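Structural overview for review
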2 protein chains.
Amino acid sequence: MTLLESIVKRKETYKRGQLLFRAGERFDFIYAIRGGSVKTSVCTPDGRVQITGFHIPGEVLGLSALALGQYSSEARALETTSVCRVEAARLDELAQKIPSLQYQMMKIMSGQIRQDEELMLLLGRRSAEERLAEYLIGLSRRFAARNFSPTQFNLSMSRGDIGNYLGIAEETVCRILTRFQNAGMIATQRRHVSLIDLRQLEAVARMKPAA
Amino acid sequence: MTLLESIVKRKETYKRGQLLFRAGERFDFIYAIRGGSVKTSVCTPDGRVQITGFHIPGEVLGLSALALGQYSSEARALETTSVCRVEAARLDELAQKIPSLQYQMMKIMSGQIRQDEELMLLLGRRSAEERLAEYLIGLSRRFAARNFSPTQFNLSMSRGDIGNYLGIAEETVCRILTRFQNAGMIATQRRHVSLIDLRQLEAVARMKPAA
DNA sequence: CGGCTTATTGATCCGACTCAACGTTAGTGG
DNA sequence: CCACTAACGTTGAGTCGGATCAATAAGCCG
């Protein structure tokens, strides 16, 4: 990541709802998020959409386009977001100058595969409550890793986006959030969330405590 | 792939049910399948399993271990399977001798991400019938690409494995196969499958015809 | 041949979806 | 700055797809 940042060519800013790239487009850039947040999604020929990830600063987008030379997913800013772009065409050239760059990129992709495996596990095998509990815990950990409060944060994505990502209906997201709130595990106000009883939330998600 | 094959160190054979590697193990080898088939899976702390892929000759396994130095999934032979192994420790060394090797590996990983995105779409957004129809079509295409019959083939995985992979119950797999059979779209006998009406099957999967 | 795994089919139940109505907030332009 | 509007969020009622539980059949292998 730091390497990628050091060879950045351009910085760009996107507003809420703007596309960074869309599926099928020619692979021109890799994107490193500097600030804000981005959702990535794929869709079926008949128009159904699956959100594949929410991305925060420090994360790199677009590498899955490498194999076929075109993006397989689309990326859209959830709020005002600034990114660094690296021209795909220069990647080979850069890799020759910086031998460890390719290794960095492989690590990123390897990590992406790992993360996708987690999401598949969640989509295939977990109940709606477990999904949402795990989702909240995952957010909490990501914020903690960036030295933000792990118990108080703002969601940049809508209920609909959360539901889509987790493979459940928007209404179910609301209902379960209400249920968690009634159980004293969380408090929500619109997009602001407070995690009150992490322990209990982890029990619902049936996860091991953080490693 | 051809490159990987040219630098292969060891060939190994696994029998049905044997593990190639398991989650958490140290990342020692990359595996290229020469013959047979392999399933990969991940699991939750409480023991639920999600199969993430069925793999056939020509495919490479284990690259997602790169990021953390340990496998994130397990791989198990579905039948007698022969593989080529490359020592992970020698990858750096090899990459220096063969500059395009890393690029090859990135392409493989990039392709893996793409494939995982498809599975997420399937797990999150499709009905059981659509899943199974798409599964059969996908198999058909993979066999066709290897010059086997796209309409007649043997499954190396059980109904339970299929159901797990698709995120549905084993019983539902059976029921829907029966339904497809009654509709004259396929014929099954145990693990042997004949696709009779591909057109109709594609309609059920709501897919575009093959590109 | 007998025990074991895999596949099939039936009956029942429940979690989550859909449809629908309504409340709330943020963003827009006058 | 305020009114208006569109997007977002919440809640309820009713339905259904697919899970689960249970029993039986059909291969498979020693």
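Each chain carries its own residue numbering, running from 1 in the direction its sequence is written. Written order decides the labels, with chains lettered from A and ligands numbered from 1. Thresholds applied to this predicted model are a pLDDT of at least 70 for local features of residues and 80 or more for the giving and counting of side-chain atom pairs; totals over whole chains, interfaces and linings are not thresholded and use all residues. Hydrogen atoms and water are omitted, and side-chain values are computed over all heavy atoms in the structure.

Attention shifts here to the sheet that holds strand β4 (residues 38–43) of chain B. All names here are of chain B. Each pair of strands is called paired provided DSSP finds at least two bridges between the two strands. Helix and strand definitions here come from DSSP, where helices need a minimum of 4 consecutive H or I residues and strands a minimum of 2 consecutive E residues; each element is numbered from the N-terminal end. As summarised here, the arrangement of the four strands in space is β2-β7-β4-β5, forming an open sheet in which the pairing is antiparallel. The strands lining the two open edges of the sheet, one partner per strand, are β2 (19–21) and β5 (49–55). For this sheet, the mean angle separating the axes of adjacent strands, direction not counted, is 30°. In this structure, β2 lies alongside strand β7 (residues 74–77), joined through two bridges in antiparallel fashion. Across the sheet, the residue bridging to Phe21 is Ala75, located in β7. Fitting a line to C-alpha atoms yields each axis, with helices limited to the stretch in contact; the angle taken between N-to-C directions then spans 0 to 180 degrees.

What follows is about the packing of helix α4 (residues 128–145) of chain A against helix α6 (residues 170–182) of chain A. Pairs of packed helices are described in terms of their axes, by the angle between the two and the distance that separates them. Residues and elements named next belong to chain A. Following both chains from N to C, one finds α4 and α6 inclined at 75°, their axes separated by 10 Å at the closest point. Viewed along their axes, α4 and α6 adopt a mutual orientation that is roughly perpendicular. Facing Ala128, Glu129, Leu132, Ala133 and Leu136 of α4, the residues of α6 in contact are Thr172, Val173, Ile176, Leu177, Arg179 and Phe180. For this scheme, ten residues count as nonpolar: Ala, Val, Leu, Ile, Met, Phe, Trp, Tyr, Cys and Pro. Four count as charged, namely Asp, Glu, Lys and Arg, and the remainder, Gly too, count as polar. For the contact of α4 with α6, the residue count by class is eight nonpolar, one polar and two charged. Every angle not falling under 35 degrees, over 145, or within 65 to 115 is termed oblique; those three ranges are roughly parallel, roughly antiparallel and roughly perpendicular. Throughout, a contact is declared for two residues whenever any of their heavy atoms are within 4.5 Å.

Taken together, 18 residues are adjacent to DNA strand C, and A:Ala128, A:Thr172, B:Arg159, B:Arg175 and B:Thr178 come closest. Here a polar contact is recorded for every N or O atom pair within 3.5 Å, except that within protein the pair must consist of a potential hydrogen donor and a potential acceptor, and residues adjacent in sequence are included only if both atoms are side-chain atoms. The separation between a phosphate oxygen of DNA strand C and a polar side-chain atom of B:Arg159 is 2.6 Å. Residue B:Arg175 places a side-chain N or O atom 2.8 Å away from a base nitrogen belonging to DNA strand C. For the surface near DNA strand C, the elements supplying multiple residues, two or more each, are α6 of chain A together with α6 (170–182) of chain B. A per-element tally of the surface near DNA strand C places α6(B) first, with four residues. In the surface near DNA strand C, the residues fall into four nonpolar, five polar and nine charged. When we say a residue is near a molecule or strand, we mean one of its heavy atoms is within 4 Å of it.

On to the protein's contact with DNA strand D. Neighbouring DNA strand D are 18 residues, the closest being A:Arg159, A:Arg175, A:Thr178, B:Ala128 and B:Thr172. Atoms of DNA strand D within 4 Å of the protein: sugar and phosphate make up 61%, bases the balance. Contact between DNA strand D and A:Arg175: a base nitrogen at 2.9 Å from a side-chain N or O atom of the residue. B:Glu171 places a polar side-chain atom, nitrogen or oxygen, 3.0 Å from a base nitrogen of DNA strand D. Listing elements by their share of the surface near DNA strand D, those giving two or more residues are α6 of chain A together with α6 of chain B. Counting residues per element, the surface near DNA strand D draws most heavily on α6(A), which supplies five residues.

Moving on, we come to the sheet that holds strand β11 (residues 192–195) of chain A. Residue and element names in this part refer to chain A. Taken together, the three strands give an open sheet; going across it, the order is β9-β11-β10, and neighbouring strands pair in antiparallel fashion. With partners counted over all chains shown, the strands left at the sheet margins are β9 (152–154) and β10 (186–189), one partner each. Taking each pair of neighbouring strands and ignoring which way they run, the sheet shows an average axis angle of 15°. Here β9 pairs with β11 via three bridges, running antiparallel. Counterpart to Asn154 in the pairing with β11 is His192. Its contacts with the sheet place α4 against β9, β10 and β11, and it is angled at close to 100° to β9.

Moving on, we get to the domain arrangement of chain A. Residue and element names in this part refer to chain A. Segmenting chain A into domains produces domain 1 (2–123) and domain 2 (126–205). The source of the domain bounds is an automatic or database domain assignment. Taking the mean C-alpha position of each, domain 1 and domain 2 sit 25 Å from one another. If you look at the interface, domain 1 gives 19 residues, while domain 2 gives 15 residues. For the pair domain 1 and domain 2, the summed buried surface comes to about 1500 Å²; carbon and sulfur atoms form 53% of the total. In terms of surface lost to domain 2, no three residues of domain 1 exceed Phe54, Ile56 and Leu122, which account for 43% of the buried area on that side. One speaks of a salt bridge when a side-chain nitrogen belonging to Lys or Arg is within 4 Å of a carboxyl oxygen belonging to Asp or Glu. For the salt bridge of Lys39 with Asp161, the shortest nitrogen-to-oxygen distance reads 3.1 Å. Scanning the region where domain 1 abuts domain 2 turns up 11 residue pairs in polar contact (both at pLDDT 80 or more). Secondary structure elements with two or more residues in the side of domain 1 that touches domain 2: β5 (49–55) and α3 (100–125). Here the side of domain 1 that touches domain 2 takes seven residues from β5, the largest share from any one element. A class-by-class count of the residues in the side of domain 1 that touches domain 2 yields 10 nonpolar, five polar and four charged. What counts as buried area is the accessible surface, traced by a 1.4 Å probe, that two parts surrender upon association, with contributions from both included.

Phi at A:Arg190 takes a positive value of approximately 60°, unusual for a residue other than glycine. Within the element layout of this structure, A:Arg190 appears in the loop between β10 and β11. A positive phi is found at B:Asn147, a non-glycine position, where the angle reads about 60°. Positionally, B:Asn147 belongs in the loop between α4 (128–145) and β9 (152–154). Residue burial is assigned from relative accessible area. The probe radius is 1.4 Å, only protein chains are included, and a residue is buried under 20% of its type maximum, exposed over 50%, and partly exposed in between. The exposed category is assigned to B:Asn147, whose relative accessible area is 72%.

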